[in-house]
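Tertiary structure, described
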Amino acid sequence: MSEIDLQDHVDLVIAEVARAEHSRDLDAIESAHKAKNSPVLAARRALGAVTDEEQRRELGRRIQGCSDAITAAIAARREELSAIEREASLASDALDLTEVLSSAGSFPSRRGHAHVVSKTRASLEDVFVAMGFTIKEGPEVETDWYNFEALNLPPGHPARDMYDTMYLDLGEAETVLMRTHTSPMQIHLLEEAVADQSLPLHVAIPGRCYRLDTPDARHLPVFHQVEGLVVDKGITFGDLAGVIETFTAAYFGPDIHSRLRPAYFPFTEPSAEFEITCTICRGEGCRTCSKTGWIELGGCGMIDPAVFDAVGIDATEWSGFAFGFGIDRCAQMRHSIADMRALIENDLRFSRQF
Ligand code: DAH
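Residues numbered from 1 in each chain as written. Predicted model: local features only at pLDDT ≥ 70, side-chain atom pairs only at ≥ 80, totals over all residues. Heavy atoms only, no water.

Concerning the sheet that holds strand β5 (residues 201–210)
The condition that has to hold: Should DSSP find at least two bridges between two strands, the strands are taken to pair. The numbering of helices and of strands both runs from the N terminus, where a helix is a DSSP run of H or I of at least 4 residues and a strand a run of E of at least 2. Whether two residues are in contact is decided by their heavy atoms, any of which lying within 4.5 Å being enough. All axes here are fitted lines through C-alpha atoms, helices being fitted over the stretch that makes contact, and every angle between N-to-C directions spans 0 to 180 degrees.
Taken in spatial order, the seven strands make up an open sheet running β1-β5-β6-β10-β9-β8-β7, and their pairing is mixed. Since the sheet does not close on itself, it has two edges, and those belong to β1 (134–135) and β7 (258–265), each with one partner. Sheet topology places β5 next to strand β6 (residues 222–232); 10 bridges connect them, and they run antiparallel. Bridged to Arg208 within β6 is His224. Against the sheet, helix α6 (residues 116–130) touches β1, β5, β6 and β10 (319–326), its axis set at about 165 degrees to β5. Against the sheet, helix α9 (residues 237–252) touches β7, β8 (268–277), β9 (294–303) and β10, its axis set at about 30 degrees to β10.

Focus: the site of the ligand
Applicable threshold: Here, proximity means that at least one heavy atom of the residue falls within 4 Å of the molecule or strand. We define a polar contact as two N or O atoms separated by no more than 3.5 Å, with the added condition that, inside protein, one atom must be a possible hydrogen donor and the other a possible acceptor, whereas residues neighbouring each other in sequence contribute only through side-chain atom pairs. Per-residue and other accessible areas follow the Shrake-Rupley method at a 1.4 Å probe size, with only the shown protein chains counted as cover for residues. Think of it as three bins: nonpolar holds Ala, Val, Leu, Ile, Met, Phe, Trp, Tyr, Cys and Pro, charged holds Asp, Glu, Lys and Arg, and polar takes everything else, Gly as well.
Taken together, the neighbourhood of the ligand is formed by 16 residues, with His181, Ser183, Arg211, Gln225 and Glu227 sitting nearest. At 2.6 Å from an oxygen atom of the ligand is found a side-chain nitrogen or oxygen belonging to Glu227. Considering the ligand on its own, with 360 Å² of exposed area, one finds that the protein chains cover 94% of that surface. For the shell around the ligand, the elements supplying multiple residues, two or more each, are β6, β9 and β10. When the residues that make up the shell around the ligand are grouped by side-chain class, the tally is six nonpolar, eight polar and two charged.

Notes on unusual backbone geometry
The condition is simple: A simple rule labels every residue: compare its accessible area, found with a 1.4 Å probe on the protein chains alone, to the largest value its type can have, and call it buried under 20%, exposed over 50%, or partly exposed in between.
Geometrically, the link from Leu199 to Pro200 is a cis peptide bond, its omega value of 5 degrees lying close to zero. Along the chain, Pro200 falls in the loop between α8 (184–195) and β5. With an omega dihedral of -5 degrees, the bond running from Glu269 to Pro270 counts as a cis peptide bond. Positive phi, normally seen in glycine, also occurs at Asn152, with a value near 70 degrees. Within the secondary structure, Asn152 sits in the loop between α7 (144–147) and β3 (167–168). Judged by relative accessible area, which is 26%, Asn152 ranks as partly exposed. You will see that Asn346, though not glycine, has its phi angle at about 60 degrees, which is positive. Of note, Asn346 is situated in the loop between α12 (342–345) and α13 (348–351). Taking relative accessible area as the criterion, Asn346 reaches 60% and is therefore assigned exposed.

Pasting the structure below:
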């Protein structure tokens, strides 16, 4: 092949390279260029026949120039194509999140929401805040002193039988436990109030409690209470009854009332159980309320002077009341949940009703 022909060949190959749409096409052009029968290699082979050394060297340089031009054109086009191909693959692999979001209306994806117990707790907090209470929380792991002893339940006291307690094994037997009620917060808050001389107190304390109970329709081993604590000067049992009645009507509705029945709790004297109108039969009498028209919700009473003594408050100067009741029980009554175990089973068909 003459030099002119070789230049034509180079022009043809470069034009072909420019038209290549895919790196696969370039591979084909490149291997043809390197093949034994390629015009460039053929020209190189023909060099041996040129006898004039000067001429042969000059020709050799030109042939190399042609070969380099082809190689450079292929490399340049390869770079262009791979940039284009990379962009195309990015565009096709990209997730269009706006599409997923905007299709939510036709595609059945539902938003989650708070559990009915959390919602109940929030509503109860709202009621107590509206009545002038402050909301506080406390530890779920307690010592025997806070959970029992300071609440006038010394070791061996028969009333400890009311609480099937989960103890933690930290070396010394029966000293640290999962709180069986929210009442230990009474002691924490009274101690704090004494330390910073911040009496009076009007506090509501929601939180989780633990008892060694087998789950059944009305009990869970892990459950929730709200504790109420009011300490001021001249507080009477009438104030306690008024707060319970106001809270009952505010949370359950104006046709649901409360009543107090004498009971015993070591940390209050006098003590009472408080009951509310059965929310299932609205007081008519049904199976849920054993035909009485009333359902027990919690305990309450005037703070026992022994509790004031335990934290160093003068019971002749201050008086107060406390109450405690189940949040899960409130949810059960308000929403007519037959079996409390549904609250912990996490069956979406149940959760979605609230
Ligand atoms: N802590 C009691 C319980 O869980 C309920 C209770 C009764 C709380 C009387 C009180 C109270 O604050 O005064 O069984």
